[in-house]
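These are the residues of each chain, in order.
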Amino acid sequence: MRQSGLILGIESSCDETGISIIRGAPDGTASVLVELVASQVALHEKYGGVVPELAAREHLRSLPLLCDEAFERAGISPHDLESIGVTTGPGLKGCLLMGVAYAQGLAEAAGLEVAGVHHIEGHLLTVELEHPQLRPPYLALIVSGAHTELVRIDGYRRYAVLVRTRDDAAGEAFDKSANLLGIPYPGGAQLAALADARGGSRFALPKVTREMHDFSFSGLKTAIALLIRRESGSAALTDELKAELAWSVQNAIVDAICFKAGRALKETGLPTLVVTGGVAANQELRRRLARLTGVKTLFPSPARCMDNGTMIAYAAWRQRLAGAASLIGEIRPRWPLSDLGLQN
Ligand code: KG4
Ligand code: ZN
C-alpha cells in the first residue's frame, strides 16, 4: 500500500461538487494541496430549491472536470494517492451515488481503497484541521442547511448529541425565510447581508424555543409570513421593509442558537465551543458567539464552512490514522451522527 499521505476527497451530497487533495501527516495534521468547489446555485435558483435529479446530473458532469483539474494543479496522478474519501451520507441519494460511483471507478483504475465519509463528521473535523492545537473535550455546534445540533466531543468518534432540532435546521430557517422575503435561493447569505446592512428593526419575532430543550425553527416561518401579510398586505415588499424583516429573522435565529449553545456550555462546563456547517459563515452568529464569556470559540474559515472536498479528505485521513477506515458499503441518505463510533 502506498504511504504518501495523499488523500483525494470527494463531496457531492447536495448542490456543491467539492474535490480536494490533501497531504495528511501521522500527527493528525494535514496540508491542502488543492481545493476546488463547483457550486450549482445558478442551476437551482429558478426552482427556489435544489432539484435532486438536476443536482445529480450536474455532479456527474463536474466530477471528472474538477478531478482532472485537481490532479493537474497538484502535479500528481491518481497512482500517487494513498486513498480516496467520498461522502456516503447523509445527503441526497442520487447525488451521493454520483460521487461514490466516480470514486469507485477512479479507485479501481489506480488500485486504491475508497473510504466512506459521514458529511457532518467532515464539517466537524474541519475545525481540528484548521486549529491543530484543539483538543477534546469540547462542545460542537453544527449549523448547516440540514442539521442543527449541539454535540459533546470527547475524542475521535466519541460524539454525544446533546441538543438537536425538532423540525427545520438553522440554514433551512434562513433559506425559507429568505424565500418568503423574495430573496432567491439559497437565500441565507443574502438575507444575512441585508440584515447586517440594516442593523436593526422595529419588529421583534417571538423567542419561541427558549423553554424547550431542543431547537425548533418551524414557528419562525409562520411568524414571518404573518408579519409580511400584516405589514405589506398583497403589495410587494419595499426594500426598506425587506431589510428590516431580514434583520428580525437573523436576530431570532442567532438568538436561539446562542441561547442554547450558552446553556449547553454552562451545563457541560466545557471550555471550548467549536462552530461548523454553512451557517457558521454567518458574521452576526460569529460575533455573538465570540462574546460568550469564559469560553474559547473556534470557527473554520468562512469558505470552509460551506460544503467542500477538503473536509471529506481530512475525515478520511483521520479514519486511516484511527484504523477505522470504513470501506465503502452502502449509501446512507439518512445517517445520524450518533451512529458513528469506534468499534473497539
Ligand atoms: O453546510 P452547508 O454548505 O450545506 C449543508 O450541509 O447543508 O450549509 C448550507 C446552508 C444553507 O442553508 C445556507 O443558506 C446557509 O448554510 N448559509 C448561511 C450563510 N452562508 C450559508 N446562513 C446564514 N448566513 C450566512 N452567511
Ligand atoms: Zn454541509
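Within each chain, residues carry numbers counting from 1 in the order of the written sequence. The order in which chains are written sets their letters, starting at A; the order in which ligands are written sets their numbers, starting at 1. For a predicted model such as this one, the threshold for reporting local features is a pLDDT of at least 70, and the threshold for listing and counting side-chain atom pairs is 80 or more; totals across whole chains, interfaces and linings nevertheless cover every residue. Hydrogens are left out, water is left out, and the side-chain values use all remaining heavy atoms of the structure.

To continue, consider the site of ligand 1. By nearness alone, 20 residues border ligand 1, and His 123, Gly 145, Asp 175, Gly 278 and Asn 282 come closest of all. Contacts described as polar in this section are N or O atom pairs within 3.5 Å, which, within protein, must combine one atom able to donate a hydrogen with one able to accept it, while residues neighboring in sequence count only if both atoms come from side chains. Interatomic distance of 3.1 Å between a side-chain N/O atom of His 119 and an oxygen atom of ligand 1. A distance of 3.0 Å is found between an oxygen atom of ligand 1 and a backbone nitrogen or oxygen belonging to Gly 278. When isolated, ligand 1 has an accessible area of 550 Å², and the protein chains bury 88% of it. For the purposes of this entry, the term helix denotes a DSSP run of H or I that reaches at least four residues, the term strand denotes a run of E that reaches at least two, and both are numbered from the N terminus. Of all the secondary-structure elements, those providing two or more residues to the shell around ligand 1 are helix H4 (119-130), helix H5 (170-180) and helix H6 (188-198). Residue composition of the shell around ligand 1, by class: nine nonpolar, nine polar and two charged. We define proximity as follows: a residue is near a molecule or strand when any one of its heavy atoms falls within 4 Å of that partner. Here the open area of atoms and residues is found with the Shrake-Rupley method and a 1.4 Å probe, where only the protein chains shown may cover a residue. Amino acids outside the nonpolar list (Ala, Val, Leu, Ile, Met, Phe, Trp, Tyr, Cys, Pro) and the charged list (Asp, Glu, Lys, Arg) are all regarded as polar, and Gly is one of them.

On to unusual backbone geometry, then. Cis peptide bonds are those with omega within 30 degrees of zero, and the linkage from Gly 89 to Pro 90 qualifies with -15°. Counting through the fold element by element, Pro 90 comes out in the loop between strand E4 (83-89) and helix H3 (93-110). Residue Pro 136 is joined to Pro 137 through a cis peptide bond whose omega torsion reads 0°. Relative to the elements of secondary structure, Pro 137 occurs in the loop between H4 and strand E6 (138-143).

With that out of the way, let us pick up the sheet that holds strand E3 (residues 30-39). Paired through backbone hydrogen bonds, the strands of a sheet run either parallel or antiparallel to each other. Any two strands with at least two DSSP bridges between them are considered paired. Strand order in the open sheet formed by five strands is E3-E2-E1-E4-E5, with mixed pairing between adjacent strands. Of all the strands in the sheet, the pair left with one neighbour each is E3 and strand E5 (114-118). Pairs of neighbouring strands in the sheet enclose a mean axial angle of 20°, with direction left out of account. As defined by bridge partners, strand E1 (residues 6-11) adjoins E4 across four bridges and the pair is classed as parallel. Counterpart to Gly 9 in the pairing with E4 is Gly 85. We call two residues in contact whenever any of their non-hydrogen atoms come within 4.5 Å of each other. Interaxial angle, 0 to 180 degrees, is taken between N-to-C directions of lines fitted to C-alpha atoms, where a helix line uses only the stretch in contact. Across the sheet, H4 touches E1, E3, E4 and E5, and the angle it forms with E5 is around 90°.

Without other data, these values stay purely geometric and don't point to any function.
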